Amino acid sequence: MRVHHLNCGSFYPHGKRLVNGRGGLLDTGLMVCHCLAIEAGDGVVLVDTGFGIQDARNPGRLGAASHRLMSARPEIATTALSQLEALGFAPTDVRHIVATHLDPDHTGGLADFPDAEVHVFAPELEAARHPTLRERPRYRSAHWEHGPRWVEHETGGDRWFGFESVRILPGLDEEIALVPLIGHTRGHTAVALNADGGWMLHCGDAFFDRCEMDTPPSCPPMLRFFQNVMAADNAARKANRERLRELADNHGEEVDMLCSHDPHDLERRQAEAGSTATIG
Ligand SMILES: [Zn+2]
């Protein structure tokens with residue numbers, strides 16, 4: 001199985017040191033949208049989609065929070081669709097998309113793969129369909145007005161390193177499971193993938209900087225603030241982040257953890273894979 005690490009969208013917020021932990025206060029920071037393209041079976045499984053073609057044509061589609069506040073700059077060249085085409089895949093090769101959650105920086109590309117099944121933890125789809133007043137600005141119905149082929153999943157007693165989990169795509173040789181980590185949103189989930197005998201865990205927005213998993217943990221102040229403000233359930237978010245730290249402590253050799261928005265972690269992985277072309 002081959003896993004491609006793609007940056008499918010970049011944010012350029014002010015205050016680099018506050019966002020990236022280094023650089024000047026007046027410099028522009030960088031956040032990425034780290035998506036996975038997994039060659040599995042006779043097609044591709046995408047984990048998250050970042051910004052899509054329509055977002056690049058009309059950035060307002062992402063909503064004011066992403067577009068203006070966080071200075072998102074969607075570009076056609078960095079969409080999952082463009083990058084997969086450059087790798088030799090057709091849009092219809094993407095049979096499945098697994099969404100960590102349905103914030104707009106994770107769903108912009110759904111419409112670029114209308115034939116794919118979109119796997120989501122059921123409480124997240126419920127939140128997106130029936131948002132509370134506070135949740136309403138974060139979910140962008142324009143991202144699913146094409147009518148995605150949703151596949152909702154509930155947990156049913158499976159366990160993965162002590163976490164609740166649900167295996168999806170049982171027809172594939174590759175083992176892929178949702179590992180719900182609620183807090184950032186009501187139905188936020190990580191995605192576990194058995195890759196070459198070891199586990200990879202895409203933690204989505206359960207943390208924003210790889211250093212949050214270190215002992216002792218650290219996090220640039222802007223990211224700490226942003227996570228606190230954006231959380232649907234901040235106590236649950238912090239508790240789940242603590243559980244991830246324990247996982248990193250106890251099983252760091254067996255589980256390779258990553259998150260959506262850390263540019264340094266993505267850059268390192270792309271450099272190891274011999275490709276830095278997609279970093280924004
Ligand atoms: Zn995000």
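Residues numbered from 1 in each chain as written. Predicted model: local features only at pLDDT ≥ 70, side-chain atom pairs only at ≥ 80, totals over all residues. Heavy atoms only, no water.

*Asks:* For this particular structure, what's the right way to read the layout of surface pockets?
*Replies:* A probe matching the size of a water molecule, rolled over the atoms, marks out where space remains unfilled. Of the voids in this model, the largest pocket is the one considered here, and its volume is about 650 Å³. Taken together, 32 residues make up the lining of the largest pocket; nearest its centre are Ala65, Leu69, Met70, Phe226 and Met230. Taken together, the elements giving at least two residues each to the lining of the largest pocket come down to helix H3 (64–69), helix H5 (104–107) and helix H7 (221–230). Considering each element in turn, the lining of the largest pocket owes the most residues, six residues, to H7. (1 Å grid on protein atoms, 1.4 Å probe; cavity = no way out; pocket = protein on both sides within 12 Å on 5 of 7 lines; lining within 4 Å. Points joined across faces, edges and corners; volume = space filled by probe spheres on them. Helix = DSSP H or I, 4+ residues; strand = E, 2+ residues; numbered from the N terminus.)

*Asks:* I keep staring at the pairing of strand E2 (residues 31–40) and nothing clicks. Help me out?
*Replies:* For a regular strand, side-chain orientation follows a simple rule: the groups alternate between the two sheet faces. With nine of its 10 residues buried, E2 lies for the most part within the structure. The pairing of strand E1 (residues 2–11) with E2 spans eight bridges and is antiparallel. Pairing of Val3 across the sheet is with Ile38, part of E2. Summarising the sheet, E2 and strand E3 (residues 43–47) pair through five bridges and their orientation is antiparallel. Bridging across to E3, Ile38 finds its partner in Val45. (Buried < 20%, exposed > 50% of the residue type's maximum accessible area, 1.4 Å probe, protein only. Pairing = 2+ DSSP bridges.)

*Asks:* Can you walk me through the sheet that holds E1 in this structure?
*Replies:* Pairing between the strands of a sheet comes from backbone hydrogen bonds, and it takes one of two forms, parallel or antiparallel. Ordered by their spatial adjacency, six strands build an open sheet running E1-E2-E3-E4-E5-E6, and the pairing between neighbours is mixed. Each of the sheet's edge strands pairs with one partner strand only, and the pair in question is E1 and strand E6 (149–153). Sheet twist, expressed as the mean angle between neighbouring strand axes with direction ignored, is 25 degrees. Here helix H9 (residues 263–272) sits on the sheet and contacts E1 and E2; the angle it forms with E1, its principal contact strand, is near 140 degrees. (Axes fitted to C-alpha atoms, helices over the stretch in contact; angles between N-to-C directions. Contact = heavy atoms within 4.5 Å.)

*Asks:* Which parts of the structure should I look at to understand the coordination of the zinc ion?
*Replies:* Ideal values for angles at a metal depend on the geometry: 109.5 degrees with four tetrahedral donors, 90 or 180 degrees with six octahedral donors. Taken together, Asp105 (OD), His106 (NE2), Asp205 (OD) and His261 (NE2) make up the protein donors of the zinc ion, found 2.1 to 2.2 Å from the metal. Its relative accessible area of 3% is what places His261 among the buried residues. (Donors = N, O, S within 2.8 Å, 3.2 Å for Na, K, Ca; no water.)

*Asks:* Before we go on, may I ask you to explain the environment of Gly109 in this structure?
*Replies:* Mapped onto the elements, Gly109 comes out in the loop between H5 and strand E5 (117–121). A sequence separation of 43 residues divides Gly109 from Glu152, and the C-alpha atoms of the two residues are 19 Å apart. Those residues within four positions of Gly109 in sequence are excluded, and the remaining contacts are Thr49, Gly50, Phe51 and Gly52.

*Asks:* Mind showing me how you'd approach the pattern of salt bridges here?
*Replies:* Side chains bearing opposite charge may pair, as long as their charged atoms lie close to each other. For the structure on display, the rule yields 12 salt bridges. Of the charged contacts, one joins Arg95 and Asp42 as a salt bridge, the two residues approaching to 3.4 Å between their closest N and O atoms. Taken together, the positions of Arg95 in strand E4 (residues 94–98) and Asp42 in the loop between E2 and E3 put the pair 53 residues apart, joining distant regions of the chain. Looking at Asp42, the relative accessible area reads 63%, which means it is exposed. A salt bridge links Glu242 to Arg245, with the shortest nitrogen-to-oxygen separation between them at 2.8 Å. Of the two residues, Glu242 and Arg245 both sit in helix H8 (residues 234–251), three residues apart, roughly one turn of that helix. Each of the salt bridges in this network shares a partner with another, and the network as a whole consists of Asp256, Asp265, Arg268, Arg269 and Glu272. (Salt bridge = Lys/Arg side-chain N within 4 Å of Asp/Glu carboxyl O.)

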